Amino acid sequence: MSLLQISISASVFILAVIFLRSLLIHKLPKMTFMFLWGVALIQLLVPVSVQSQFSIFTAVEHLSRMFTVAKLIPTPESSTFINGTTVIMPPITEHVTAPIMPLKTASQISPIVWVWLVGFTLCALFFIIPHLRYRKIYKMAVPIRNDFIRKWQHSNLLWRDVQIRQLDNISTPLTYGIFRPVVLLPKNLDYDEEKQLALILTHEFTHIKRFDTLKKWILATSVCVHWFNPFVWVMYILANRDIELFCDETVIRKFGENTKPTYARALVRLEEKKIGLSPMISSFSKNSTEERIISIMKTKKITIATMLLAIGLVVCVVVIFATSALDKTESASGVDNPIAEIVPALYQGATTTDLMPHDLTFNKKYDVPKLIDSLMASKYRAVYMDNEIYLRVMMDNTIQISKDNGAVWKKYDTDEIDAKDFAKWLLINDPIPGYSMKEVQSRLANGAEVKHLVFENVKEMYFIIDRNGVQIELVQPEKISSVLIDGQRMMITSAISAEMLKSFYDLLVSNNILSETHAKQDYSERIKYLEKNLPNFIVTK
């Protein structure tokens with residue numbers, strides 16, 4: 001998925017957590033929301049999605065299919081035995097030559113990427129500069145000499161070395177540092193009130209035990225990566241609040257509910273002295289005081305029923321809002337394992353005609369050469385279409401795709417694939433391809449680029465591109481009809497319908513490759529040729 005898709009998907013989950021938090025923040029254990037924010041961070045920073053049939057996105061896709069009328073005729077005849085196989089486009093034939101055109105090999109960074117980089121940099125500086133400035137101030141802190149603090153620290157040892165120091169420039173306690181944490185106490189704190197001091201130290205040591213400073217850095221990282229998403233900023237604010245609420249809850253449970261009034265009064269007194277602080281520290285009084293006091297006073301003993309409710313809500317929210325749509329590939333009748341290893345369809349009962357695409361380059365009619373000449377004169381190297389998408393390869397080898405019949409075109413980023421590894425992949429996964437393996441290996445050995453593109457429905461495309469032309473290797477969970485013109489030939493897969501071919505010619509007309517008159521004439525000639533030569537060609541009247 002692209003960064004924008006990841007951000008949008010995570011936003012749905014964040015909205016669900018915000019709604020749940022507004023209703024149950026003072027009724028569920030605070031750990032509930034810390035876990036949910038952790039799931040949101042994984043969604044934002046780890047580009048891996050888990051599919052679920054209970055996902056809200058699965059339901060949306062199902063409703064979309066119910067209310068959307070398909071414009072293209074499906075091809076059930078081929079899907080009964082091709083399900084789970086590889087459909088391959090034939091190579092450039094040796095019988096046809098095309099003019100050699102210089103290509104742009106250096107890929108340019110798009111303006112959108114530049115905008116994102118600028119935003120990322122500014123956002124990172126927003127967090128880093130204040131942190132560095134305050135670190136210089138914190139280093140002026142001096143060791144604290146207090147018998148109660150020394151005894152308390154000795155009885156609350158951690159596996160990390162924790163320093164407790166005193167600083168004039170702060171008004172509230174705070175903690176900074178991850179692996180060598182430091183607790184800073186203000187000079188004007190009442191050091192004779194030992195109960196309040198114990199509450200403060202317990203609060204700060206709880207931050208240290210839970211690596212809350214590290215959590216804040218991860219939250220800040222998610223904001224920098226998704227700086228354009230306002231919901232991520234809201235998540236950053238609320239998650240920081242919940243870190244403090246979780247800490248407050250832990251302190252109350254340790255000292256007992258009788259300490260709630262004392263703890264709340266200490267919070268109010270410290271809040272009155274609060275100053276602006278770096279976002280990369282864990283501060284005793286950093287977040288919304290009102291929310292914290294209400295939370296402190298409403299803290300109750302956790303019961304088994306409360307824990308079960310929290311677990312059930314977490315599971316439901318994660319499964320429904322944090323998973324992606326399930327790709328439903330219908331099982332073919334007579335095929336026991338439609339998602340088994342990719343093997344040639346020939347071994348699943350298909351005919352050779354069904355296995356191999358149909359290259360119409362050698363149709364001696366005038367239309368094919370003229371059609372190819374028209375493409376060569378346009379700004380596209382190849383034009384492709386199937387039941388789901390329109391695709392065109394530009395002269396600079398960038399890929400543009402439309403999913404709304406050409407109304408809107410979007411540039412898709414592709415991954416570069418090592419040519420040798422790709423050749424090995426073909427030999428292993430497709431030992432009987434619809435073209436000469438020797439030919440494609442020769443192209444790869446001579447420097448052909450291999451680009452890889454993954455769609456949301458697990459369909460994958462490999463583009464073999466060199467100065468001679470474009471070849472597409474299409475791997476998909478279910479075979480679909482498709483058409484390709486690559487500047488040297490026209491190719492269509494088996495079981496293609498007349499309506500599918502008509503839509504393809506509409507694509508050529510909309511891209512100014514053919515005139516409408518020429519398209520109608522060429523389409524008519526092509527239909528006659530297909531009816532005569534392809535036994536599985538579907539004609540719809």
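What you are looking at is a predicted structure, and each value in this text was computed from that prediction instead of being measured.

Criteria and cut-off values
- Residues numbered from 1 in each chain as written.
- Predicted model: local features only at pLDDT ≥ 70, side-chain atom pairs only at ≥ 80, totals over all residues.
- Heavy atoms only, no water.
- pLDDT = per-residue confidence, 0-100.
- Contact = heavy atoms within 4.5 Å.
- Core = buried A, V, L, I, M, F, W, Y, C linked by side-chain atoms within 4.5 Å.
- Buried < 20%, exposed > 50% of the residue type's maximum accessible area, 1.4 Å probe, protein only.
- Helix = DSSP H or I, 4+ residues; strand = E, 2+ residues; numbered from the N terminus.
- Salt bridge = Lys/Arg side-chain N within 4 Å of Asp/Glu carboxyl O.
- Phe/Tyr/Trp six-rings, centres within 6.5 Å; stacked < 30°, edge-to-face > 60°.
- Lys NZ or Arg CZ within 6 Å of the ring centre and 35° of its normal.
- Arc of directions from axis to C-beta.
- Polar contact = N/O pair within 3.5 Å; in protein donor to acceptor, adjacent residues only side chain to side chain.

**Some remarks on the confidence of the model for the protein**
- Per-residue confidence for the protein averages 77 on the pLDDT scale, and 76% of its residues sit at or above 70.
- Considering only residues more than four positions removed or in separate chains, one finds that residues 68-107, a stretch of pLDDT under 50, has 117 contacts.
- In this model residues 328-355 is a low-confidence stretch, pLDDT under 50, and it forms 48 contacts with partners more than four residues away in sequence or in other chains.

**Let's talk about the nonpolar core**
- In this structure, Phe13, Phe33, Leu36, Trp37 and Met235 are the most contacted members of the largest nonpolar core, which totals 36 residues.
- Those elements that place two or more of their residues in this core are helix H1 (3-24), helix H2 (30-45), helix H5 (111-138), helix H8 (212-225), helix H9 (230-255) and helix H12 (304-321).
- Leu36 has contacts with Phe13, Val17, Leu20, Val314, Val317 and Val318, leaving out every residue within four places of it along the chain.
- Among the nonpolar cores identified, the runner-up in size contains 25 residues, and Tyr390, Val483, Tyr505 and Leu508 belong to it.

**Comments concerning unusual backbone geometry**
- One non-glycine residue with positive phi stands out, namely Asn397, at about 70°.
- Counting through the fold element by element, Asn397 comes out in the loop between strand S11 (390-394) and strand S12 (399-402).
- Judged by relative accessible area, which is 2%, Asn397 ranks as buried.
- In the Ramachandran plot, Asn405 falls in the positive-phi region, its phi being about 60° despite a non-glycine side chain.
- We classify Asn405 as partly exposed; its relative accessible area is 43%.

**Notes on the pattern of salt bridges**
- Following the criterion strictly, the structure yields twelve salt bridges and no others.
- The partner of Lys215 in a salt bridge is Asp212, and the shortest N-O contact between them spans 3.2 Å. With Lys215 and Asp212 both in helix H8, this residue pair falls three residues apart, about one helical turn.
- Owing to a relative accessible area of 27%, Lys215 belongs among the partly exposed residues under this scheme.
- When its relative accessible area of 2% is taken as the criterion, Asp212 is described as buried.
- Between Glu257 and Lys260 there is a salt bridge whose closest N-O contact spans 3.9 Å.
- Under the relative-accessibility criterion, Glu257 is labelled partly exposed at 42%.
- Lys260 sits in the buried class, given a relative accessible area of 10%.
- One salt-bridge network, held together by shared partners, links Arg21, Arg241, Asp242 and Glu291.

**Focus: the packing of aromatic side chains**
- The tally for this structure, following the rule as stated, stands at twelve aromatic pairs.
- Ring centres 6.3 Å apart and planes at 40° place the aromatic pair Trp159 and Phe211 in the tilted group. One end of the pair, Trp159, is in the loop between helix H6 (147-154) and strand S4 (163-167); the other, Phe211, is in the loop between helix H7 (194-209) and H8, and 52 residues separate them in sequence.
- The class for Trp159 is exposed, based on a relative accessible area of 70%.
- Residues Trp227 and Phe228 carry aromatic rings whose centres are separated by 5.8 Å and whose planes lie at 80° to one another, so their mutual orientation is edge-to-face.
- Through successive ring pairs, a cluster of aromatic residues spans Phe126, Phe127, Trp233 and Tyr236.
- The ring of Phe246 has Arg210 lying over it, and the distance from NZ or CZ to the ring centre is 3.7 Å.
- Positioned over the ring face of Trp409 is Arg392, at 3.7 Å from the centre of the ring.

**Things to note about helix H16 (residues 437-445)**
- Here H16 has its buried residues at Met437, Glu439, Val440, Arg443 and Leu444. The buried residues of H16 occupy an angular sector of 160° when projected down its axis, which confines them to one face. For H16, the exposed residues lying more than 90 degrees away from the buried face are Lys438 and Ala445.
- Of the surrounding elements, those touching the buried residues of H16 are helix H15 (419-429), strand S15 (449-454), strand S16 (460-466) and strand S17 (469-475).
- Following H16 by one or two positions, Gly447 has its phi on the positive side, about 95°.

**Here we look at the environment of Ser510**
- The topology assignment puts Ser510 in helix H17 (residues 498-510).
- For the pair formed by Ser510 and Ala407, sequence separation is 103 residues and the distance between their alpha carbons is 9.6 Å.
- Reaching out from Ser510, the side chain makes a polar contact with the backbone oxygen of Leu507 at a distance of 2.8 Å.

**What about the side chain of Asp248?**
- As for its placement among the helices and strands, Asp248 is situated in helix H9.
- Looking at Asp248, the relative accessible area reads 1%, which means it is buried.
- Separated by 3.3 Å, the side chains of Asp248 and His203 make a polar contact.

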